[in-house]
Amino acid sequence: MDKPVKYLTKKGEIRYRINYSYKNSYGVTKRSSKGGFLTSKEAKAFARAQEDSLESNVIRQDCKMTLQKLFEIWLETVRQHVKETTFDFYKHMTKHFKYLYEMKIADITPQRLENYYYKLMEGNSEKQAISASTIKHANTVIKIALEFAVKNDLLGRNVAKRVKLPNKKAYEYHWYNMDQIAKLMKIIKGTYVEWPVKLACCLGLRRGEVCALQWKDIDFDSRICYVYKNIVCISGRLVQSTPKTKYGFRKVTVSEILLKELIAYKHEQRIMLSMKGMFQTENTYICLNPRLEPANPDTITRVFRSFLETKGAKYGLPVIRFHDLRHSFASNMIYECGVPTELVSKILGHSTSAFTVDTYGHASDNVQINAIDKFDDRLRDLK
């Protein structure tokens, strides 16, 4: 589809004409055009509708496969080539299309998908509204499934590639400054989430990485924490997985304060386990639940929020996500401690420092005030 072209009619009125391409039922590319539109937007909408209606969506005209059947075949095939966590994500995302299960894949168009997505975002009494972020993930999954259909000569094109997704609302990050972190550390002692919080605040770890840490991952002599795995909850089961990229495999230096606390806690945990007739080994997980089993990341998230809503509120701490503790670590390292972004990027396991800047490229009012004051001081010295 080309861009609309503005022109003047014989009466001197401004109109728009648009050219577009499509494939007929024999797969032959054709060109056509249409004029007389009052606006450019109207011309584009017409061309898009024409392409959806005129272009043959299938190579095999006798294909009767439904979307649900395609998902079943595709999931069974892809299961052999992806990690269990990825497969579980795919399977979960396909459930968002349950109201389209009976539709033939040959009848799916970009416009139908777009309308369906907007209905999902609106929600109703039967189903909860879905965010634009979830819609983006869902479209990514159906796009992969439809590409599978294209490669197997079930479809002539992948309509999900042409979907215009709803704008994703930018997430407003929240983070604790150093004073708030110190206050949190003080009131969190003795609770179920004490050590998950400490490890996230002091090492910048994700919740899955926190839960996966074992004593063998801490080198007490070199003050190094080795991060190379994470734990996720799949269908009620805790599954140990590896980082998505090579940058997730990293070594993080442990502060002297945290190291001393880890040594003391390791001794306490050994006594606690022995009282239950259990032995602590290098394979024992650092963060355990009340049943002395590996901590569940979902439970940690839920308990942490509940803690902030009750005891945290009494001490003036705003409610943030558990993941925001990692965000707090990065923000304080960059803005409060002046650590170079490149180093923070490596500690966090980001692929590039540019991603770190994009994600944590914000500053609190106090940080901005201090920065401007420093600029004024420097300028004053030069006068």
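**Q** What is the right way to read the packing of helix α2 (residues 67-78) against helix α3 (residues 84-94) from this model?
**A** Angle between the axes and distance between the axes: these two values describe a pair of packed helices. Between α2 and α3, the shortest axis-to-axis distance is 10 Å and the interhelical angle comes to 175 degrees. Put simply, α2 runs roughly antiparallel to α3. Packed against α2, whose contacting residues are F71, W74, L75 and V78, the element α3 presents F87, Y90, K91 and T94 at the interface.

**Q** So what exactly am I meant to see when it comes to the sheet that holds strand β4 (residues 218-219) here?
**A** The strands making up a sheet associate through backbone hydrogen bonding, with each pair oriented either parallel or antiparallel. Spatially, β4-β5-β8 is the arrangement adopted by the 3 strands of the open sheet, whose pairing is antiparallel. Pairing within the sheet leaves two strands with one partner each, and these edge strands are β4 and β8 (250-253). Pairing between β4 and strand β5 (residues 224-227): 2 bridges, direction antiparallel. Across the sheet, residue I218 finds its bridge partner in β5, namely C225.

**Q** Looking at this structure, how should I read helix α11 (residues 323-336)?
**A** Because the α-helix completes a turn every 3.6 residues, residues three or four places apart line up on one side. Taking 1.5 Å per residue, 14 residues should reach 20 Å; α11 reaches 19 Å between its end C-alpha atoms and fits that length. Along α11, the positions that sit buried rather than exposed are D324, L325, R326, H327, S328, F329, A330, S331, N332, M333 and I334. Positioned one or two residues after α11, G338 has a phi angle of 70 degrees, which is positive.

**Q** What is the right way to look at unusual backbone geometry in this model?
**A** With glycine set apart, most residues show a phi of negative sign, and most peptide bonds adopt trans. The backbone of D153 sits at a positive phi, close to 60 degrees, despite the residue not being glycine. Of the residues examined, D153 reaches a relative accessible area of 45% and is grouped as partly exposed. Backbone geometry places R223, a non-glycine residue, at a positive phi of 60 degrees. Summarising the element assignment, R223 is placed in the loop between β4 and β5. For R223, a relative accessible area of 29% corresponds to the partly exposed category.

**Q** Where do I start with the nonpolar core in this structure?
**A** For soluble globular proteins, the rule of thumb is that nonpolar side chains tend to be buried together. Judged by nonpolar contacts, the single largest core of 52 residues is most densely connected at L184, V197, L199, L203, I286, F304 and L325. Of all elements in the fold, only α6 (178-187), α7 (194-203), α8 (207-212), β5, α9 (256-275), α10 (297-314), α11 and α12 (341-348) reach the threshold of two or more residues within this core. For this core, the element with the most residues is α7, which contributes 6 residues. Beyond its immediate stretch of four places on either side in the chain, L199 contacts G204, L205, V210, L213, I286 and C287. In this structure, F87, L120, A138 and L146 belong to the second largest nonpolar core, which totals 33 residues.

**Q** For this particular structure, what's the right way to read the packing of aromatic side chains?
**A** How two aromatic rings sit relative to each other is given by the distance of their centres and the angle of their planes. The full count for this structure, using the stated rule, is 12 aromatic pairs. Their ring planes at 25 degrees and their centres at 6.3 Å tell us that W215 and F220 sit as a pair that is stacked. On the accessibility criterion, F220 (22% relative accessible area) is partly exposed. Arranged with centres 5.9 Å apart and planes meeting at 45 degrees, the rings of W215 and Y265 form a pair that is tilted.

Criteria and cut-off values
- Residues numbered from 1 in each chain as written.
- Predicted model: local features only at pLDDT ≥ 70, side-chain atom pairs only at ≥ 80, totals over all residues.
- Heavy atoms only, no water.
- Axes fitted to C-alpha atoms, helices over the stretch in contact; angles between N-to-C directions.
- Helix = DSSP H or I, 4+ residues; strand = E, 2+ residues; numbered from the N terminus.
- Parallel < 35°, antiparallel > 145°, perpendicular 65-115°, else oblique.
- Contact = heavy atoms within 4.5 Å.
- Pairing = 2+ DSSP bridges.
- Expected span 1.5 Å × (residues − 1).
- Buried < 20%, exposed > 50% of the residue type's maximum accessible area, 1.4 Å probe, protein only.
- Core = buried A, V, L, I, M, F, W, Y, C linked by side-chain atoms within 4.5 Å.
- Phe/Tyr/Trp six-rings, centres within 6.5 Å; stacked < 30°, edge-to-face > 60°.

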